2 protein chains.
Amino acid sequence: MAASMKDVAARASVSLGTVSNVLNHPDLVATSTRLRVEEAIRDLGFIPSAAAQQLRAGRAKVLGLVVPDIANPYFMEVARGVEDAALESGYVVILCNSDEQAEREDRYLAVLESQRVGGILIAPVRKSLKPLSRLLQHGVAVTLLGNAAISHDVCSASVDDTLGGGLAAEHAIELGHTRLVWLAGPRDIPRVSDREAGLMKAARSAKVHVTRIAAAQMTTAAGDTAMDSALANGLDATALLCANDLLALGAIRALNRAGLKVPDDVSVIGYDDIEFAASAAVPLTSVRQPKYELGYAAAKLVIGECEDPATHAHQRVQFQPQLIVRASTAPSRPRTR
Amino acid sequence: MAASMKDVAARASVSLGTVSNVLNHPDLVATSTRLRVEEAIRDLGFIPSAAAQQLRAGRAKVLGLVVPDIANPYFMEVARGVEDAALESGYVVILCNSDEQAEREDRYLAVLESQRVGGILIAPVRKSLKPLSRLLQHGVAVTLLGNAAISHDVCSASVDDTLGGGLAAEHAIELGHTRLVWLAGPRDIPRVSDREAGLMKAARSAKVHVTRIAAAQMTTAAGDTAMDSALANGLDATALLCANDLLALGAIRALNRAGLKVPDDVSVIGYDDIEFAASAAVPLTSVRQPKYELGYAAAKLVIGECEDPATHAHQRVQFQPQLIVRASTAPSRPRTR
DNA sequence: CTGAAAGCGCTAACAA
DNA sequence: TTGTTAGCGCTTTCAG
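Only a predicted model underlies this, so the values are computations on that prediction, with no experimental measurement involved. (Residues numbered from 1 in each chain as written. Chains lettered and ligands numbered in written order. Predicted model: local features only at pLDDT ≥ 70, side-chain atom pairs only at ≥ 80, totals over all residues. Heavy atoms only, no water.)

**Topic: the overall build of chain A**
Worth spelling out the cut-off: For helices the rule is a DSSP run of H or I covering at least 4 residues; for strands it is a run of E covering at least 2, with both sets numbered from the N terminus onward. Per-residue accessibility, obtained with a 1.4 Å probe over protein chains only, is compared with the maximum for each type, and a residue is labelled buried under 20%, exposed over 50%, and partly exposed between these values. Note that accessible areas follow from Shrake-Rupley with a 1.4 Å probe, and for residues the cover is restricted to the protein chains shown. None of His or the chain ends enter the tally, which takes Lys and Arg as positive and Asp and Glu as negative. By convention, the charge on Lys lies at NZ, on Arg at CZ, on Asp at CG and on Glu at CD.
Assigned secondary structure in chain A consists of 12 helices and 12 strands. With respect to the three principal axes, the spread of C-alpha positions in chain A is 85 × 35 × 30 Å. Expressed as a percentage of its 337 residues, the buried residues of chain A come to 55%. Accessible surface, chain A: about 13700 Å² in total, of which carbon and sulfur atoms supply 51%. Distance between charge centroids for chain A: 2 Å, based on 35 positive and 37 negative side chains.

Here it is, written out as structure tokens:
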């Protein structure tokens, strides 16, 4: 067992309270005793127990980070930002991979509740805040990651997905494409629906038709499969917009297998601009999100609320996406070039 | 504040101890009272405080996962395995990104000590176990991730990197390459030195020369930079073996910029076989590691030690790597084909 | 400036 | 079968 404050007190021949003061209110302690206590702390390698501190404080300096896919480089960039912000403030991050399953998300939410975490950063599986309501009641700081806040009870840090979807669509339209395909994820992934809305709006106003197909998950494999069966069903289009880069990478694989060249036969646009988009078989045109910054800002937001719930006002931080044009998109009729 | 056991006891008009028994020894409680207590628990939405439980138990059901690069898909696959194993056993994972910096690793180790975590999974920045010794003394279960155990005080789960390095070298040699380049990471990254040793051994016994160059980090960007300057310095070789896939992906970018074609001019072999290796510009030949399984096994190992330190015997679990041949490698003189 | 003591939420030993 | 109690490590009054 690790040394406790009692051990330190004994070694420095002072009382428990004095040790605590050395740690938390050093100015209240006479220099000579302070030095003596600090020496004892060093000798014993004493590190205070976070659990005991928390038991008194009511809340732990712990953040829960709930993401739908830990293997997605997008979320890992976000996680880096969260982690850096947390470490700066002495917080620790519990990693929760909901795997896009509501049931798993619920399980983790219960775990985080049992841990009495101070704050939760969540890219929710569902649109509703219902699963979070208990936590909110108990005063846990929650901020939504990637979704604009649905309610006024929480902070959110997001990227303007409607704009992003529009950016992608407009790029395709400007290139002269008139039959767009939207490769979506499973129905009701919240962070995808805004992208779809933005895209549809842009398409409508340009009077361009959009065919919607859906992958079963937001992964490379699912993108491949979805594209495969769409092609088998006679799908024919010159521009493919994807709900994220993983889907795009998978879809390109399927297109290539079918003998279609990107971008000569089909232009492909991804979303997220993960690092690998640039080194993909065909460098991918994609809508970039400031991932690290998003995570960092979101974490600062929750931590702020944790530290000072009284004066905290809920905020919505929104970043702007940016279209990164690479080799996977080309004008609709290459010969006109 | 969340409901406590006291609240539950009051609502069910029983004593504290009875509530505890309902939770931990339901068989000792009369059915009727048990039902009453369970109802109170449900009504109040009571979830026990992990901190309080831990304070008694001495250790938290928490695992620290310390990895050098959270953005590396390799470690994220490992993390998925860890996380799944943890959740199964009611453990929670604190994510610690050491960023390949000893100082940051130390900081996290202190944090984990303060959290009184039950176990630590670590892919250490340094070779020595010294930074971990205090934790070990305090009875924290430690297992090394990716490195075979350096000492007998800890478990380890690893992949045979010596073999893997050999596999890569032999593949290049069989293809007829006689001038190999080894693109290593910064000196002393433990998990890389075994790969280098295996590779060098294979090269020696085939009497093949190896030029060693080193990237500043294990990232795509660093691989690109390192290759760039090596080429500028007149490096000339037909086969490039890389310490991981990220380096390989970056190096390929630099090669392409220099007008060199993969695999026509240079064969490239990566290491790890991350998912994107398959969809890279040139699908990458790589040494595959069972990443998820590695993480899962490692987590089971620590958890086993946490749960029952007395009967626990330290183990070394070692997985076998596998060479996955893709398009980035070709015989040394294409015309001889 | 320092010490003593209460209490955070829980478990386990013991009493009833 | 149920209740009572001590104590895990810490912070924070309140006395001295």
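**A closer look at the protein's contact with DNA strand C**
In plain terms, the rule: One heavy atom within 4 Å of a molecule or strand is enough for the residue carrying it to be called near that molecule or strand. Identification of polar contacts relies on pairs of N or O atoms within 3.5 Å, with a donor-acceptor requirement for protein atoms, meaning one able to donate a hydrogen and the other able to accept it, and with residues adjacent in sequence counted only if both atoms are side-chain atoms. Residues are grouped as follows: Ala, Val, Leu, Ile, Met, Phe, Trp, Tyr, Cys and Pro are nonpolar; Asp, Glu, Lys and Arg are charged; all remaining types, including Gly, are polar.
Every one of the 22 residues lining DNA strand C counts as a neighbour, but Ser15(A), Thr33(A), Arg56(A), Met5(B) and Arg56(B) are closest to it. Note that a base nitrogen of DNA strand C is positioned 2.4 Å from one of the side-chain N or O atoms of Arg56(A). Contact distances for DNA strand C include 3.1 Å between a phosphate oxygen and a side-chain N or O atom of Gln53(B). Classifying every residue of the surface near DNA strand C gives 10 nonpolar, 10 polar and 2 charged.

**Focus: the interface of chain A and chain B**
Note the threshold: Here, two residues are considered to be in contact whenever any of their heavy atoms come within 4.5 Å of each other. Summed over both partners, buried area is the accessible surface (1.4 Å probe) that two parts give up on being assembled. What counts as a salt bridge is simple: a side-chain nitrogen of Lys or Arg found within 4 Å of a carboxyl oxygen of Asp or Glu.
The interface is formed by 53 residues belonging to chain A together with 53 residues belonging to chain B. When chain A packs against chain B, close to 4800 Å² is buried across both sides, 61% of that on carbon and sulfur atoms. Where chain A packs against chain B, one counts 4 salt bridges. Put simply, Arg104(A) and Asp84(B) hold a salt bridge, and the shortest N to O gap is 2.9 Å. Applying the counting criterion to the chain A and chain B interface returns 18 residue pairs in polar contact (both at pLDDT 80 or more). Residue contributions to the side of chain A that touches chain B peak at 8 residues, all from helix H5 (residues 73-88) of chain A. Grouping the amino acids of the side of chain A that touches chain B by side-chain chemistry returns 32 nonpolar, 10 polar and 11 charged.

**Details of the protein's contact with DNA strand D**
The local shell around DNA strand D holds 23 residues, among which Met5(A), Ser15(B), Thr18(B), Thr33(B) and Arg56(B) are the closest. Backbone sugar and phosphate groups make up 68% of those atoms of DNA strand D lying within 4 Å of the protein. A distance of 3.0 Å is found between a phosphate oxygen of DNA strand D and a backbone nitrogen or oxygen belonging to Ser49(A). Going through the elements one at a time, helix H2 (16-24) and helix H4 (50-57) of chain A together with helix H2 (16-24) and helix H4 (50-57) of chain B are the ones with two or more residues in the surface near DNA strand D. In terms of residue class, the surface near DNA strand D is made up of 10 nonpolar, 11 polar and 2 charged.

**Structural notes on the pairing of strand E6 (residues 179-184) of chain B**
Residue and element names in this part refer to chain B. Going by this rule: Two strands pair under a simple rule: DSSP has to find at least two bridges between them.
With 5 of its 6 residues buried, E6 lies for the most part within the structure. Relative to strand E7 (residues 209-214), E6 runs parallel, the two being bridged by 6 bridges. Pairing of Val181 across the sheet is with Thr211, part of E7. Examined bridge by bridge, E6 and strand E8 (residues 239-242) share 4 bridges and lie parallel to one another. Counterpart to Val181 in the pairing with E8 is Leu240.

**Things to note about the packing of H2(A) against helix H3 (residues 31-44) of chain A**
Residues and elements named next belong to chain A. Using the following cut-off: The convention used is that axes are lines fitted to C-alpha atoms, helices contributing only their stretch in contact, and that angles between N-to-C directions extend from 0 to 180 degrees. Angles below 35 degrees are treated as roughly parallel, those above 145 as roughly antiparallel, those between 65 and 115 as roughly perpendicular, and all remaining angles as oblique.
Two numbers describe how H2 lies on H3: the axes approach to 10 Å, and their chain directions differ by 90°. When the axes of H2 and H3 are compared, the pair comes out roughly perpendicular. Only Arg34, Val37, Glu38 and Ile41 of H3 make contact with H2, whose side of the interface consists of Val19, Val22 and Leu23. Considering only residue class, the contact of H2 with H3 consists of 5 nonpolar, no polar and 2 charged.

**Section: the relation of the copies chain A and chain B**
Counted only if it meets this: Fitting of the copies onto one another was done by least squares over C-alpha atoms, counting residues only where both copies have pLDDT of at least 70.
Take chain A, turn it by 180°, move it 0.0 Å along the axis, and it overlays chain B with an RMSD of 0.1 Å. Here the transformation between the copies is reduced to the relation of a two-fold axis. The rotation axis passes nearest to the C-alpha of Ala281(A) in chain A, at a distance of 1.6 Å. A shared binding surface is used by both copies, with 100% of the interface residues of chain A retained as interface residues in chain B.

**Re the sheet that holds strand E9 (residues 267-272) of chain B**
All names here are of chain B. Taken together, the 6 strands give an open sheet; going across it, the order is E7-E6-E8-E9-E10-E12, and neighbouring strands pair in mixed fashion. Taken across any chain shown, the strands that pair with only one partner, and hence form the sheet edges, are E7 and strand E12 (322-324). Each adjacent strand pair in this sheet contributes to an overall mean axis angle of 20°, direction not counted. Helix H8 (residues 161-174) contacts E6, E8, E9, strand E10 (285-288) and E12 of the sheet and is inclined by roughly 165° relative to E9.

**Points about the pattern of salt bridges**
Residue and element names in this part refer to chain A. A complete count under the given rule lists 40 salt bridges over all chains for this structure. Between Glu77 and Arg80 there is a salt bridge whose closest N-O contact spans 3.2 Å. One end of the pair is Glu77 and the other is Arg80, both in helix H5 and 3 residues apart, which spans about a single turn. Judged by its relative accessible area of 21%, Glu77 falls in the partly exposed class.

**Comments concerning the environment of Arg80(B)**
For Arg80(B), a relative accessible area of 23% translates into the label partly exposed. Along the backbone, Arg80(B) and Lys291(B) are 211 residues apart, and their C-alpha atoms lie at a distance of 8.9 Å. If we skip the residues at most four places from it in the chain, Arg80(B) touches Ile70(A), Ala71(A), Asn97(A) and Tyr292(B).

**Re helix H6 (residues 102-114) of chain B**
It helps to recall that an α-helix has 3.6 residues per turn; residues three or four apart then point in one direction. Our working rule: Multiply 1.5 Å by the residue count of a helix minus one, and that product is the helix's expected span.
Along its 13 residues, H6(B) runs 18 Å from first to last C-alpha, staying within 8% of the 18 Å computed at 1.5 Å per residue. Looking at H6(B), one finds that the buried residues are Arg104(B), Glu105(B), Tyr108(B), Leu109(B), Leu112(B), Glu113(B) and Ser114(B). Looking at the buried positions of H6(B), the neighbouring elements they touch are H4 and H5 of chain A together with strand E1 (60-67), strand E2 (92-97), strand E3 (117-122) and helix H7 (130-137) of chain B. Of the residues one or two after H6(B), Arg116(B) is the one with positive phi, at around 50°.

**Structural notes on the nonpolar core**
Formally: Residue types Ala, Val, Leu, Ile, Met, Phe, Trp, Tyr and Cys, when buried and joined through side-chain atoms within 4.5 Å, form a set referred to as a nonpolar core.
Within the largest apolar cluster, 149 residues are counted, with the highest numbers of intra-cluster contacts made by Leu240(A), Val268(A), Leu240(B) and Val268(B). Ignoring sequence-local partners within four residues, the contact set of Leu240(A) consists of Val181(A), Leu183(A), Met227(A), Ala251(A), Leu255(A), Val266(A), Ser267(A), Val268(A) and Ile269(A).

**Let's talk about the sheet that holds strand E10 (residues 285-288) of chain A**
All names here are of chain A. Within the open sheet, the 6 strands sit side by side as E7-E6-E8-E9-E10-E12. Their pairing is mixed. Each edge of the open sheet is held by one strand with a lone partner, namely strand E7 (209-214) and strand E12 (322-324). Across this sheet, the average inter-strand angle for adjacent strands is 20°, counted without regard to direction. The strands touched by helix H8 (residues 161-174) are strand E6 (179-184), strand E8 (239-242), strand E9 (267-272), E10 and E12; relative to E9, the strand with the most contacts, the crossing angle is about 165°. Across the sheet, helix H10 (residues 220-232) is in contact with E6, E7 and E8; its angle to E7 comes to roughly 125°.

The quantities given are spatial measurements derived from coordinates; they are silent on function.
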